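Spelled out from the first residue to the last, the chains are:
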Amino acid sequence: MSHEAWTLSHPIHPSWVALRSLHMICTLRTMRGRSMTSTLTALLCLRLCQGPWDQVQAGDVPKPSIGADPGPIVTNGSSVTIWCQAPLQASAYLLYKERGSEPWDTRTPQGSSNKAGFLIGTTTPSLAGLYQCAYYTTGDILSQRSDPLLLVVTGVGGAPSLAAQPSPVVASGENVSLLCSSNLTSGTFHLLKEGGADPPRHMEAEPRIHAWRRQAIFPLGPMSTSHGGTYRCYYSSSSYPNVWSQPSDPLELVVSGLKWYLIVLIGVSVALVLLLSLFLFLLRHQWHQSKGRTSDAVAKDTQPERDRQLDNPRAAPEDSQDVTYAQLKPLTLSQESSAPPCFPSEERPEEPSLYAALAMH
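Residues numbered from 1 in each chain as written. Predicted model: local features only at pLDDT ≥ 70, side-chain atom pairs only at ≥ 80, totals over all residues. Heavy atoms only, no water.

Trainee: Tell me about the overall build of the chain, and name the residues and values.
Mentor: In terms of helices and strands, the chain carries five helices and 22 strands. The burial tally for the chain puts 25% of its 361 residues in the buried class. Accessible surface for the chain amounts to roughly 24,400 Å². Of this, 58% is attributable to carbon and sulfur atoms. (Helix = DSSP H or I, 4+ residues; strand = E, 2+ residues; numbered from the N terminus. Buried < 20%, exposed > 50% of the residue type's maximum accessible area, 1.4 Å probe, protein only. Areas by Shrake-Rupley, 256 points an atom, 1.4 Å probe, with all protein chains shown as cover.)

Trainee: Could you give me a rundown of the confidence of the model for the chain, with the residues and numbers involved?
Mentor: For the chain, mean pLDDT is 74; residues scoring 70 or higher make up 62% of the total. The low-confidence segment residues 1-56 (pLDDT under 50) makes 60 contacts with residues lying over four places distant or belonging to another chain. Predicted confidence is poor over residues 330-339, with pLDDT under 50, and the contacts of this stretch with residues over four places away or in other chains come to three contacts. (pLDDT = per-residue confidence, 0-100. Contact = heavy atoms within 4.5 Å.)

Trainee: I'd love a proper account of the environment of Asn114, names of residues and values included.
Mentor: Among the structural elements, Asn114 can be located in the loop between β8 (105-107) and β9 (115-120). For the pair Asn114 and Ala92, spaced 22 residues apart in the sequence, the C-alpha separation amounts to 9.8 Å. For Asn114, the contacting residues outside a window of four places in its chain are Cys84, Gln85, Ala86, Leu88 and Tyr93.

Trainee: Just give me the short version of the sheet that holds β9, but keep the residues and values in it.
Mentor: Strand order in the open sheet formed by three strands is β4-β6-β9, and the pairing between neighbours is antiparallel. Across the chains shown, the open sheet's two edge strands, defined by having one partner strand only, are β4 (65-69) and β9. Pairs of neighbouring strands in the sheet enclose a mean axial angle of 20°, with direction left out of account. In terms of strand pairing, strand β6 (residues 80-85) meets β9 through six bridges, oriented antiparallel. Among the inter-strand pairings, Cys84 is bridged to a residue of β9, identified as Ala116. (Pairing = 2+ DSSP bridges. Axes fitted to C-alpha atoms, helices over the stretch in contact; angles between N-to-C directions.)

Trainee: Please set out the packing of aromatic side chains residue by residue, giving values where relevant.
Mentor: Applying the stated criterion to the full structure yields four aromatic pairs. Measuring from ring centre to ring centre gives 5.7 Å for Trp104 and Tyr131, while their planes differ by 75°; the resulting arrangement is edge-to-face. Placement of the pair is Trp104 in the loop between β7 (90-97) and β8 and Tyr131 in strand β10 (residues 129-137), with a sequence separation of 27 residues. For Tyr131, a relative accessible area of 0% corresponds to the buried category. Lys115 extends its terminal NZ or CZ atom over the ring of Trp83, reaching a point 4.7 Å from the ring centre. Positioned above the aromatic ring of Tyr96, the side-chain terminus of Arg145 is 3.6 Å from the ring centre. (Phe/Tyr/Trp six-rings, centres within 6.5 Å; stacked < 30°, edge-to-face > 60°. Lys NZ or Arg CZ within 6 Å of the ring centre and 35° of its normal.)

Trainee: Can you explain the pairing of strand β18 (residues 214-220)? Please cite residues and give values.
Mentor: In this structure, strand β14 (residues 176-182) lies alongside β18, joined through seven bridges in antiparallel fashion. When the bridges of β18 are listed, Ser181 appears paired with Gln215. As judged from the two bridges shared by strand β17 (residues 206-207) and β18, these two strands associate in the antiparallel manner. Looking at β18, one finds that Pro207 is bridged to Arg214.

Trainee: Can you break down the sheet that holds β8 residue by residue, with the values?
Mentor: Strand order in this open sheet of five strands is β5-β11-β10-β7-β8, and the pairing throughout is mixed. Across the chains shown, the open sheet's two edge strands, defined by having one partner strand only, are β5 (73-75) and β8. Strand-to-strand, the axes of this sheet are offset by a mean angle of 25°, without reference to chain direction. Of the strand pairs in this sheet, β7 and β10 are connected by seven bridges, and their pairing is antiparallel.

Trainee: Run through the state of the cysteines, naming residues and quoting values.
Mentor: Throughout the structure, instances matching the rule amount to two disulfides. Paired by a disulfide, Cys180 and Cys233 hold their sulfur atoms 1.5 Å apart. Classification of the bridge connecting Cys180 and Cys233 rests on its S-S torsion, roughly -90°, and on that basis the disulfide is left-handed. Placement of the pair is Cys180 in strand β14 and Cys233 in strand β19 (residues 229-236), with a sequence separation of 53 residues. Judged by relative accessible area, Cys180 falls into the buried class, the value being 0%. (Disulfide = S-S within 2.5 Å.)

Right, here's the structure in full:
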């Protein structure tokens, strides 16, 4: 061979940490069989031999995941923890803010844990924004950055108002619009469903007709049961899009299988039926009570009379009429002073009798 060839007398180790502590020996061989050995510095060998290997290894390291506890939307002054979790064992975690080139904070995992938490004790509007994290493997290889996490700070500024058109009670399959309004000049409205997995919806504020207010209309529909729940509205200015206002009053959206006016009609009908049933029950109860009192009074009036008749059956007719009969002998009364007439004992005439009715008062 007429040309010179450079070869490495030692193979490349899979870990570049080993290469960093190893002095590579490069041997120059020529066609005449002469050999020349030179010892290069570790930095030169790492540059020549390690570079392609690092590029391959960095591409194979998966990126971590990032999250916030209790959530990415926090109230001004409260605390939040940003978690960075790696799929591999890591030696260090780095947190970046607003895609900066330098880490905003660094954490070392505890024990064999594959995640680290970055605690923010008191949130302020200046801490709102995008966050990303990365990690170093145990081989000191830096991973790619995670997907961005948007941290929103709420509670700065007055609360907007939220209303439903045409009604917060909506039939399944129909459409409804949630109207968020505020008296601020310009900015963006944010609609958030409490406890929902869907991300917030955003809409630019538009001037409201016949009023010095800004508004945004969020259309929803066709409605299903999944749309039901509690909604709140926020407002942010154009200068600080990640700093939101105080939340609006909660709006409860109810989705039913019937139209809302049919629901009202059914409710009124059920109430009338219940009232009518209660009235009939009370009326029947009152009638039974009146009938019972009348029967008791009649029984009390007839009971003494029955007792007297049972005690003296023969005197019952006389007692019932309160009449006393007396037998009068007029002949005896008119002839009381004269001597009694003489009649034969065998033919004594019958004496006439008179009866007079004497009323007993």
